[in-house]
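# Structural overview
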Amino acid sequence: MNHKNNFTFAPQFSKHCKVNYLKEFRISFRGLSVGNHSYNWEIHKKFFEALENADIEDSNLNVELLLEKQDRMMILNFIIRGEVQVLCDRCLEVLFLPVDIDEKYYVKFGPEKKEESENVIVIPESEYQIDISLLINEYITLSLPIRKVHAENEDGSDGCNPEVIKKLDELSETKPIDPRWEKLRNIKFD
């Protein structure tokens, strides 16, 4: 049996809806039949605000979850596409980064909750639902580069805000180097 749910979330909710917003990412699997089930979400700013992820300013992401329920386990296939809006680490201007994620996560049923590996968890057989919001947040956050900066322009010039870069250059030039540190530059390591 193929089960399909489509969820679309408007990016504007009041603050008291944060908890309710994340309820949409809880999947009740107790009543699901063995087989494949499909879920879709569009996530924007409110998703990251509800999880208090300050690194992501906004997003335009499509999350598709293909859930394969078996007798003793579930296989969760996440397909996440779109872009996120972050701040550039160098000039603090808005920066759009593409997101293209394919991840697989295994949920096994057992006597007690334990994490077997980074993509395998055992949950008690008494559980009836799983919250995937933290997994989605983790996949997106870990897909981003450690250093988020604007790419160079086609002409080879810096893609960051030129006024900010000019000010940074001015500030870095005005500091005299402590002579003790300057002597350390002359040390040769073999």
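Summary of the structure given here. Computed from a prediction, not measured in an experiment: that's the story for all the values here. (Residues numbered from 1 in each chain as written. Predicted model: local features only at pLDDT ≥ 70, side-chain atom pairs only at ≥ 80, totals over all residues. Heavy atoms only, no water.)

### Here's the deal with the pairing of strand β5 (residues 73-87)
In this structure, strand β4 (residues 58-69) lies alongside β5, joined through twelve bridges in antiparallel fashion. Each bridged residue has a counterpart across the sheet, and for Ser 59 the counterpart in β5 is Val 84. Where β4 folds back onto β5 in an antiparallel hairpin, the turn is made up of three residues. Counting the residues between successive antiparallel strands, the hairpin from β5 to strand β6 (residues 94-110) contains six residues, one of them, Leu 92, with a positive phi of roughly 65 degrees. (Pairing = 2+ DSSP bridges. Helix = DSSP H or I, 4+ residues; strand = E, 2+ residues; numbered from the N terminus.)

### Some remarks on the side chain of Asn 161
If you trace the backbone, Asn 161 turns up in the loop between α3 (133-143) and α4 (162-174). At 3.0 Å, the side chain of Asn 161 forms a polar contact with the side chain of Glu 93. In contact with Asn 161, not counting residues within four places along its chain, are Cys 91 and Glu 93. (Polar contact = N/O pair within 3.5 Å; in protein donor to acceptor, adjacent residues only side chain to side chain. Contact = heavy atoms within 4.5 Å.)

### Quick word on the packing of aromatic side chains
Scanning the entire structure with this criterion turns up six aromatic pairs. Aromatic side chains Tyr 39 and Trp 41 sit 6.0 Å apart centroid to centroid with 10 degrees between the ring planes, which places their arrangement in the stacked category. Judged by its relative accessible area of 1%, Trp 41 is buried. (Phe/Tyr/Trp six-rings, centres within 6.5 Å; stacked < 30°, edge-to-face > 60°. Buried < 20%, exposed > 50% of the residue type's maximum accessible area, 1.4 Å probe, protein only.)

### A few points about the environment of Asn 153
As for its placement among the helices and strands, Asn 153 is situated in the loop between α3 and α4. Assessed through its relative accessible area of 39%, Asn 153 is described here as partly exposed. Excluding its chain neighbours within four sequence positions, the residues that come into contact with Asn 153 are Asp 158 and Gly 159.

### Points about a nonpolar patch on the surface
Judged by side-chain polarity, Ile 177, Trp 181, Leu 184, Ile 187 and Phe 189 come together as a nonpolar surface patch covering roughly 610 Å² of accessible area. Among the secondary structure elements, Ile 177 is positioned in the loop between α4 and α5 (179-184). Taking relative accessible area as the criterion, Ile 177 reaches 47% and is therefore assigned partly exposed. (Patch = residues over 30% accessible without salt bridge, like charges linked within 9 Å, V, L, I, M, F, W, Y side chains within 5 Å. Areas by Shrake-Rupley, 256 points an atom, 1.4 Å probe, with all protein chains shown as cover. Salt bridge = Lys/Arg side-chain N within 4 Å of Asp/Glu carboxyl O.)

### Looking at unusual backbone geometry
Working note: non-glycine residues mostly have negative phi, and peptide bonds are mostly trans. Positive phi, close to 55 degrees, is recorded for Glu 52, a residue that is not glycine. Looking at Glu 52, the relative accessible area reads 70%, which means it is exposed.

### Concerning a negative patch on the surface
Residues Glu 103, Glu 115, Glu 118 and Glu 138 make up a contiguous surface patch of negative charge. With respect to the helices and strands, Glu 118 occurs in the loop between β7 (114-117) and β8 (120-124). Accessibility expressed as a relative area gives 72% for Glu 118, which makes it exposed. (Lys, Arg positive; Asp, Glu negative; His and termini not counted. Charge placed at Lys NZ, Arg CZ, Asp CG, Glu CD.)

### Focus: the pattern of salt bridges
Per the stated rule, a full pass over the model turns up five salt bridges. Lys 108 is the salt-bridge partner of Glu 116, the closest N and O atoms lying 3.2 Å from each other. Residue Glu 116 is classed as partly exposed on the basis of its relative accessible area of 42%. What makes Lys 108 partly exposed here is its relative accessible area of 30%.

### Points about the pairing of β8
Among the five residues of β8, five are classified as buried, and the element is accordingly described as predominantly covered. Burial along β8 is two-sided: the residues Val 120, Val 122 and Pro 124 and Ile 121 and Ile 123 are all buried. Two strands pair when backbone bridges link them, and β6 and β8 are joined in this way by five bridges, in the parallel orientation. Within β8, the residue paired with Gly 110 across the bridge is Pro 124. Sheet topology places β7 next to β8; three bridges connect them, and they run antiparallel. Bridging from a neighbouring strand, Ser 117 pairs with Val 120 of β8. Counting the residues between successive antiparallel strands, the hairpin from β7 to β8 contains two residues.

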